[in-house]
Amino acid sequence: MSEGPGTRYETWRALALWGEEEEAAALEVIRSRSLFRYYGPDLRHRTEAFEAAFSDVAGVAHTVAVSSGTAALTAAMIGLGIPPGAEVIVPAVTFVGSVGAVVAARGVPVFAEVDDSLTLDPASLEERITERTWGVMPVHLANVAADMGPITQVARRHGLRVIEDAAQAAGVGYRGRPVGGLGDAGAFSFQLDKNITAGEGGAVTVTDADVYDRVARYQDQGGQFTTSKGATRGTADSPPFIGTNLRMTELTAAILSAQLPRLVPMCRRLRDVARQVRAETADLPVRWRRLPDEDGSGGDLTLFLGSRLEARGFVADLNAAGIPAHTLYQGQPVTANRAVREGRTPWGVEWQRPPRLRTSEGLLGRSVTIGLGAAMTDEDVDALVTAFRKAHPRQERSETPT
Ligand SMILES: *Cc1c(COP(=O)(O)O)cnc(C)c1O
């Protein structure tokens, strides 16, 4: 994630390995003058190629490339047929785009607690279910998969759709399977902060052919329209509906395709770095974030300190030693966002103030995430361990309420 200058290594994951491949891929599309995915004077079909390659990474039958992660989430829910006013349960710890996507799909977000994995707590999910609940959106936060086993069990028991918010987790797995193919649909982001990037971009991953058909239609004006070129999207035997434009450009797809082969090795390397740091600090009383599946994680070093104050001090000490570290979302659950709290959508006030989610607030506020970099050297890892050992409290502190 983003860290300013003064840190020892590059922490923009996708940018750390950025190279000539991106330049060549972009230049080819620019020279073809065919930046629109569906036609052009010399179309290279880069978006189609990216969709096919990404389906392999996510372990799904179909990918629909779109303009952003938020667009991908919205299109996924619309593809799955979300009815207007339906409730979608979202974890309290996520980016506001998860909430915006539910609103754009005409749903109503309902917030559940996270547990010590900082991902959706299956017990809290079950407590939030009402007769209006239609779906659940587990968020694979910071390169760690949500605990999809128990979450899926609860969802199946109550007939809920599962939309995976995998915006922060391209290349991450859970029990041997990639994220994005674990629920009814997955959504990825290719914004600058994510594991592969073209500045903006997104992808919906699905296996069901009818859902794929609806997503493909939705992102291209509903799929049946008349232009001077004439075009249809989707199969002839499914009824058309009004969509919108969420299309990816050929330039975006070409740049993403240049990065895609680096994704899985990058996640493996960062997972190994995280393992090494945990091993070399094993004698300290560190309360690491729980990883529902460590083997599938894409490299995360998040831990809990005794209090918000201690977390702030730990971040400052690490930063002073050139080690990037921060508290995710400044320690604020998404329900602290004023518009989310007040239920203000573009169309008015659509929900009442959600209850405070004190477990999530407490955990997030006491958490510290150490930034890793895809181009970290062994010396960088050593420096991280040294700074960590110096800054971390030696004694286990009793948890103070925050
Ligand atoms: C980045 C992100 C999104 C939104 O993706 P954009 O491409 O910025 O629209 C949604 N959810 C989570 C968890 C994210 O981190």
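Given the structure is predicted, the values throughout are model-derived calculations rather than measurements. (Residues numbered from 1 in each chain as written. Predicted model: local features only at pLDDT ≥ 70, side-chain atom pairs only at ≥ 80, totals over all residues. Heavy atoms only, no water.)

K.L.:
Would you mind going over the domain arrangement of the protein with me for this structure?
P.N.:
Domain annotation for the protein reports domain 1 (15-258) and domain 2 (263-391). For domain 1 versus domain 2, the separation of C-alpha centres amounts to 24 Å. On the domain 2 side, the residues contacting the 40 residues of domain 1 number 36 residues. A buried area of about 3,100 Å², summed over both sides, lies between domain 1 and domain 2, and 68% of it is on carbon and sulfur atoms. Summed over the three residues of domain 1 that lose the most area to domain 2, namely Phe111, Asp116 and Leu118, the buried surface amounts to 19% of that side. Connecting domain 1 to domain 2 are three salt bridges. A salt bridge links Asp115 to Arg290; its shortest N-O distance comes to 2.9 Å. The tally of links between domain 1 and domain 2 comes to 14 residue pairs in polar contact (both at pLDDT 80 or more). (Domains from an automatic or database assignment. Contact = heavy atoms within 4.5 Å. Buried area = accessible area lost by both parts, 1.4 Å probe. Salt bridge = Lys/Arg side-chain N within 4 Å of Asp/Glu carboxyl O. Polar contact = N/O pair within 3.5 Å; in protein donor to acceptor, adjacent residues only side chain to side chain.)

K.L.:
Explain the pattern of salt bridges to me, please; I cannot follow it from the model alone.
P.N.:
Two side chains that carry opposite charge are able to pair once their charged atoms sit near each other. Summed over all chains, the structure comprises 27 salt bridges. Put simply, Arg44 and Glu28 hold a salt bridge, and the shortest N to O gap is 2.5 Å. Placement of the pair is Arg44 in the loop between α2 (20-32) and α3 (46-58) and Glu28 in helix α2, with a sequence separation of 16 residues. Among the residues examined, Arg44 registers a relative accessible area of 29% and is labelled partly exposed. A residue is classified by how much of its surface remains accessible, and Glu28, at 28% relative accessible area, is partly exposed. For Glu294, the salt bridge identified is with Arg278, shortest N-O distance 3.4 Å. Of this pair, Glu294 sits in the loop between β12 (287-288) and β13 (301-304) while Arg278 is found in helix α9 (residues 250-280), placing the two residues 16 residues apart along the sequence. By relative accessible area, which is 22% here, Glu294 ends up partly exposed. (Helix = DSSP H or I, 4+ residues; strand = E, 2+ residues; numbered from the N terminus. Buried < 20%, exposed > 50% of the residue type's maximum accessible area, 1.4 Å probe, protein only.)

K.L.:
Help me understand the site of the ligand in this model?
P.N.:
By nearness alone, 13 residues border the ligand, and Thr70, Asp165, Gln168, Ser189 and Lys194 come closest of all. Taking Thr70, its side chain carries an N or O atom lying 2.6 Å from an oxygen atom of the ligand. Under a 2 Å grid-point criterion requiring more than half of the atoms, the pocket assigned to the ligand is the largest pocket. Broken down by class, the residue content of the shell around the ligand amounts to three nonpolar, eight polar and two charged. (Near = heavy atom within 4 Å. 1 Å grid on protein atoms, 1.4 Å probe; cavity = no way out; pocket = protein on both sides within 12 Å on 5 of 7 lines; lining within 4 Å. Sits in = over half its atoms within 2 Å of the grid points. Nonpolar A, V, L, I, M, F, W, Y, C, P; charged D, E, K, R; others polar.)

K.L.:
Just checking my understanding: could you explain the pairing of strand β17 (residues 367-370) for this structure?
P.N.:
As a general feature of sheets, a regular strand has side chains that alternate between the two faces. Side-chain alternation along β17 places Ser367 and Thr369 on one buried face and Val368 and Ile370 on a second face that is also buried. Here four bridges tie β13 to β17, and the two strands are oriented antiparallel to one another. Residue Thr302 lies in a different strand from β17, and its bridge partner there is Thr369. (Pairing = 2+ DSSP bridges.)

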